[in-house]
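# What the coordinates show
One letter stands for each residue in the lines below.
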Number of protein chains: 2
Amino acid sequence: MSAEIVCVGTEMLLGQITNTNARDLSESLASIGVDVYRHTVVGDNPKRIQQALRDALARSEAVLVTGGLGPTPDDITSEAVAAVLGRRLVRDERLVRVIRGVFEDLGRAMPETNLKQADLPEGAVPIEPQGTAPGYYIETNENAIFVLPGVPWEMKGMMDKAVLPALVRRFGAAATVSHEVLVVGLGESLTHQRISDLVEAQSNPTIAYLAGRGQVRVRITAKAPDEDAARALIDPVEKELRARLGDAVVPGEGSFAARFGAMLEERGETVGVAESLTGGLIGAELAEAPGASSYFKGAVVCYSTESKAAVVGVPEDLLHRHGPVSRAAAAALAEGAARVFGATLGLSATGVAGPKPQDELDPGTIFVGAHRAGATEVRRIGARGDRTHIRSWAVTAAIDLGRRMIQE
Amino acid sequence: MSAEIVCVGTEMLLGQITNTNARDLSESLASIGVDVYRHTVVGDNPKRIQQALRDALARSEAVLVTGGLGPTPDDITSEAVAAVLGRRLVRDERLVRVIRGVFEDLGRAMPETNLKQADLPEGAVPIEPQGTAPGYYIETNENAIFVLPGVPWEMKGMMDKAVLPALVRRFGAAATVSHEVLVVGLGESLTHQRISDLVEAQSNPTIAYLAGRGQVRVRITAKAPDEDAARALIDPVEKELRARLGDAVVPGEGSFAARFGAMLEERGETVGVAESLTGGLIGAELAEAPGASSYFKGAVVCYSTESKAAVVGVPEDLLHRHGPVSRAAAAALAEGAARVFGATLGLSATGVAGPKPQDELDPGTIFVGAHRAGATEVRRIGARGDRTHIRSWAVTAAIDLGRRMIQE
């Protein structure tokens, strides 16, 4: 069964907001095995909304529409749906009472303009409002069309309560199961070289990657009549992938920092950080997971050379001899981080975020360090991109050096 | 002039990533007065990419395409563009050398598969790679088509350096000038109350807001035959807005942190930070601006209670008496931050990020502190939302307390 998503709202075309609804709907649809073939965004314009709806209904069995159901004159999605299906808009008196009730509960008078939200195309099945806007769906011989408000939490509530059950009822549903293998420290091209024959040979499960910030997420997705059968298709492929990618595969679930945190917790390790070019991002990443306080002791952001000496205890003469961006500085920072926070593992990052070179080193020159049980390792990396990109790269590299050290 | 955006990538249709490129491109296009009429997302499928391109070229003078330019077999955007325009793909030998150079700089061998990224439709003008993927554009009598990588930072770099100048060259551009007034510490509802009559009365310039993280960006946008005329429309409106919003308006340009940094630099002040629930985000925000090292000394992320005592020198008995999330702790952290880093201004944040309460304090309870010239101020804030939201709110509140202290 194929579906597409049409989102209505000029604010998206002006770049004022990001279209998160298309992502959230797509993820829900994938969970019941529905293939989404297209997302379309159009503005609050009757002709363009109707054109987008007509095209979508001609191509796809299920069409999900969001946005344009509010009480203002811009909100014209229902008019467009009615026009495309050749139906009238009819006021639903039960919905009028529901909407009045919502305002009564809020202790506010209902503006008369809100009554418009009870006008649905003839034959539509209403979906209870989560906020004040009802949604609805219409089934024809060819299509099922679902019309939902654009406010994300209202849309999501209706998706779970009404849309997914209706889709399963109409089209049945096979199980789609995905599993993600996280690869860090190998790069996209090398990851590809090692597994490209598998990627090309596979059709169920499929293998896809998503790369960024020095991380590659390899996603294996299988379709089968039920979840167990889907997992049975994934398992041998995943095993083969893991064997080929070796220690670049990070065990666990979730984000890289969450997996690293779980590894620390399991092993009873704690971590302290001394970071320079990353300005606090390594700490922020480690502190992201709920419960991080059990393994994350703290971080020092030593942005000035003096603070590297004063707060982390890196000898000033070492900084003068080797420079603050150097192998020696990264090592001393990692050792200082472990000492200052009384952590079993110390991590560090120093480098040139750019845009200008520093001490004759190009932007993107990064040294990351890790110190544990008397041993210190440093790695040099040449990253490309803007400041944000270089700093994210350094965050991944520093955590990965620590990850490899505790995994050994 | 009308434009539309076509984004290619199955990962968006599976709901694995959010399409931020369409938003970023739309915002850039709006800045030069280009109207965007549609966003389309299709997967890595030759037929559907070609269909989307054909439809877009028939409707719009400018079409911007992102994604599918990588080195893997999934990456088939250039094949689709060539097919739709009826052109061959031709290897660009200069680009081959550029791509080889990128890998040499990284100290890595170039996989042969990457050569494919130098194959462009005949007649295309290459755009220099930001990472390893080049972009390009093709002009015909009817259309200009721009093809950019899907990686956001690569796409953005090319947009600024090559796409906007080419669009202005081809289509001219009436001047659209925007100026942004940044409001911090007042809230969206209060900001709205003070200026809503202006917003409703204005059509050129228009006034729009974007709120989030305790900041409201009020954007005034004028269209006129040239820039001077547009600015002349903006000036009186901006003056009136500033008068009504008072000291909640942050002077300067760019992000809140960049404005704060410029204020510090002008006044010869330096800043040190001691942060807890924000895990490094205050430091990361202050370090964001190029040149931040002249005023940002460093930060301590004291995630554990011990580190608040050991690294920042907050007396342990104070922490036991008042708790680590308290007015007293925020004050002592701000004082410690100034002392430890030898900075003129110390900032601090401590609080409960959630999801669980801590020491009987609800998630969202935040204390921020600022210390300067012997005086310390603390502010208590009740933020709502998830961990990410609560932490961003704390970052803004801490910087704003410092901003108000040095502005007095």
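Per chain, residue numbering runs from 1 following the sequence as it is written. A letter from A marks each chain and a number from 1 marks each ligand, given out in the order of writing. Local features in a predicted model are, by the rule used here, given only for residues with pLDDT of at least 70; side-chain atom pairs are given and counted only at 80 or more, and totals for whole chains, interfaces and linings are based on all residues. Computation of side-chain values covers all heavy atoms of the structure but excludes hydrogens and water.

## Some details on the interface of chain B and chain A
Quick note on the threshold: By the convention used here, residues are in contact when the closest approach between their heavy atoms is within 4.5 Å. Accessible surface is computed with a 1.4 Å probe, and the buried area is the amount of it that two parts give up when combined, taken over both parts together. Whenever a carboxyl oxygen of Asp or Glu lies within 4 Å of a side-chain nitrogen of Lys or Arg, that contact is scored as a salt bridge. In protein, a polar contact means a hydrogen-donor-capable atom and an acceptor-capable atom, both N or O and within 3.5 Å, with residues adjacent in sequence counting only if both atoms are side-chain atoms; elsewhere, any N or O pair within 3.5 Å suffices. Nonpolar residues are Ala, Val, Leu, Ile, Met, Phe, Trp, Tyr, Cys and Pro. Charged residues are Asp, Glu, Lys and Arg, and all others, Gly as well, are polar. Note on pairing: DSSP must find at least two bridges between two strands before they are called paired. To qualify as a helix, a DSSP run of H or I must reach at least 4 residues; to qualify as a strand, a run of E must reach at least 2; elements of each kind are numbered from the N terminus.
Each partner contributes residues to the interface: chain B has 71 residues there, and chain A has 68 residues. Buried surface at the junction of chain B and chain A, summed over both partners, amounts to about 5600 Å²; 56% is from carbon and sulfur atoms. Counting across the interface, chain B meets chain A through four salt bridges. The salt bridge involving Arg391 of chain A is made with Glu288 of chain B; its shortest N-O contact spans 3.1 Å. Here chain B and chain A share 33 residue pairs in polar contact (both at pLDDT 80 or more) between them. Across the side of chain B that touches chain A, the residue classes break down as 35 nonpolar, 24 polar and twelve charged. The pairing of strand β2 (residues 35-42) of chain A with strand β2 (residues 35-42) of chain B spans five bridges and is antiparallel. Across the sheet, the residue bridging to Arg38 of chain A is Val42 of chain B, located in β2 of chain B.

## Some thoughts on the nonpolar core
Spelled out, the test is: In this text, buried Ala, Val, Leu, Ile, Met, Phe, Trp, Tyr and Cys residues form a nonpolar core when linked through side-chain atoms within 4.5 Å. When accessible area is computed with a 1.4 Å probe and restricted to protein chains, residues below 20% of their type maximum are described as buried, those above 50% as exposed, and intermediate ones as partly exposed.
Grouped together as the largest cluster of nonpolar side chains are 54 residues, with contacts concentrated most on Leu29 of chain A together with Leu29 of chain B. Apart from residues lying up to four places away in sequence, Leu29 of chain B is in contact with Ala3, Ile5, Val34, Val36, Leu64, Met159 and Leu167 of chain B.

## A short note on the layout of surface pockets
Test applied: A 1.4 Å probe that fits but cannot get out identifies a cavity on a 1 Å grid over protein atoms alone, an open set with protein on both sides within 12 Å along at least five of seven lines counts as a pocket, and a residue lines either if it has an atom within 4 Å of a point. Grid points are joined across faces, edges and corners, and a volume is the space filled by probe spheres set on the points.
If you add up the space inside the second largest pocket, you get close to 1200 Å³. Thr10, Glu11, Leu14 and Gln16 of chain A together with Ala208 of chain B are the residues nearest the centre of the second largest pocket, which is lined by 37 residues in total. Only α1 (10-13) of chain A together with α2 (20-31), β2, β9 (175-184), β10 (206-212) and β11 (215-224) of chain B provide two or more residues apiece to the lining of the second largest pocket.

## Details of the sheet that holds strand β16 (residues 365-372) of chain B
The following threshold applies: In this analysis an axis means a line fitted to C-alpha atoms, helices contributing only their contacting stretch, and an angle means the value between N-to-C directions, from 0 to 180 degrees.
Taking strand neighbours across the sheet as the criterion, the ten strands line up as β17(A)-β16(A)-β15(A)-β13(A)-β14(A)-β14(B)-β13(B)-β15(B)-β16(B)-β17(B) in an open arrangement whose pairing is mixed. Because the sheet does not close on itself, it has two edges, and the strands there are β17 (375-382) of chain A together with β17 (375-382) of chain B. Neighbour-to-neighbour, the strand axes of this sheet turn through a mean angle of 10°, independent of strand direction. Pairing of strand β13 (residues 271-275) of chain A with strand β15 (residues 345-351) of chain A, which is carried by five bridges, proceeds in the parallel orientation. In the strand pairing of β15 of chain A, Val273 of chain A is matched with Leu347 of chain A. On the sheet, helix α14 (residues 387-407) of chain A packs against β15, β16 (365-372) and β17 of chain A and is oriented at approximately 25° with respect to β16 of chain A. Its contacts with the sheet place helix α13 (residues 327-341) of chain B against β14 (296-302) of chain A together with β13 (271-275), β14 (296-302), β15 (345-351), β16 and β17 of chain B, and it is angled at close to 145° to β15 of chain B.

## Looking at the confidence of the model for chain A
Do not read the fine detail of predicted coordinates wherever pLDDT is low. Rules: Per-residue confidence from the predictor is reported as pLDDT, a score between 0 and 100.
Scored by pLDDT, chain A has a mean of 91; 100% of the residues are at 70 or more. Prediction confidence for the complex, expressed as pTM and ipTM, is 0.76 and 0.74 respectively.

## Focus on helix α6 (residues 152-171) of chain B
All names here are of chain B. Keep this limit in mind: Here the bend at a residue is taken as the angle between two axes, fitted respectively to the seven residues that end there and the seven that start there.
Largest kink in α6: about 50°, centred on Met159. Every buried residue of α6 is accounted for by Trp153, Glu154, Met155, Gly157, Met158, Met159, Ala162, Val163, Leu164, Ala166 and Leu167. Phi turns positive, to about 60°, at Gly172, one or two residues after α6.

## What to know about unusual backbone geometry
Residues and elements named next belong to chain A. Residue Pro205 follows Asn204 across a cis peptide bond; omega there is 5°. Structurally, Pro205 can be placed in the loop between α7 (188-201) and β10 (206-212). Despite not being glycine, Glu360 shows a phi value in the positive range, around 65°. Among the structural elements, Glu360 can be located in the loop between β15 and β16.

## As for the packing of helix α3 (residues 46-59) of chain A against helix α4 (residues 77-85) of chain A
Helix packing for two helices is described by the angle between their axes and how far apart those axes are. Residues and elements named next belong to chain A. For clarity, the threshold we go by: Working rule for angles: under 35 degrees goes down as roughly parallel, over 145 as roughly antiparallel, 65 to 115 as roughly perpendicular, anything else as oblique. Handedness of each helix crossing follows the sense of rotation of the near helix against the far helix: counterclockwise by less than a right angle gives left-handed, clockwise gives right-handed.
Two numbers describe how α3 lies on α4: the axes approach to 9 Å, and their chain directions differ by 50°. The angle between the axes of α3 and α4 places the two elements in the oblique class. Crossing of α3 against α4: the hand is right-handed. Along the contact surface, α3 presents Ile49, Gln50, Leu53, Arg54 and Leu57, while α4 presents Ala80, Val81, Ala83, Val84 and Leu85. A class-by-class count of the residues in the contact of α3 with α4 yields eight nonpolar, one polar and one charged.

## Considerations on the pattern of salt bridges
Residues and elements named next belong to chain A. Inspection of every chain in the model, using the stated rule, returns 45 salt bridges over all chains. Of the charged contacts in the structure, one is a salt bridge between Asp35 and Lys223, with a shortest N-O distance of 3.0 Å. Taken as a pair, Asp35 in strand β2 and Lys223 in strand β11 (residues 215-224) lie far apart in primary sequence, 188 residues in all. Under the relative-accessibility criterion, Asp35 is labelled partly exposed at 30%. For Lys223, a relative accessible area of 31% translates into the label partly exposed. Among the salt bridges present, the one from Arg403 reaches Asp400, with a minimum N-O distance of 2.9 Å. With Arg403 and Asp400 both in helix α14 and three residues apart, this pair spans about one turn of that helix.

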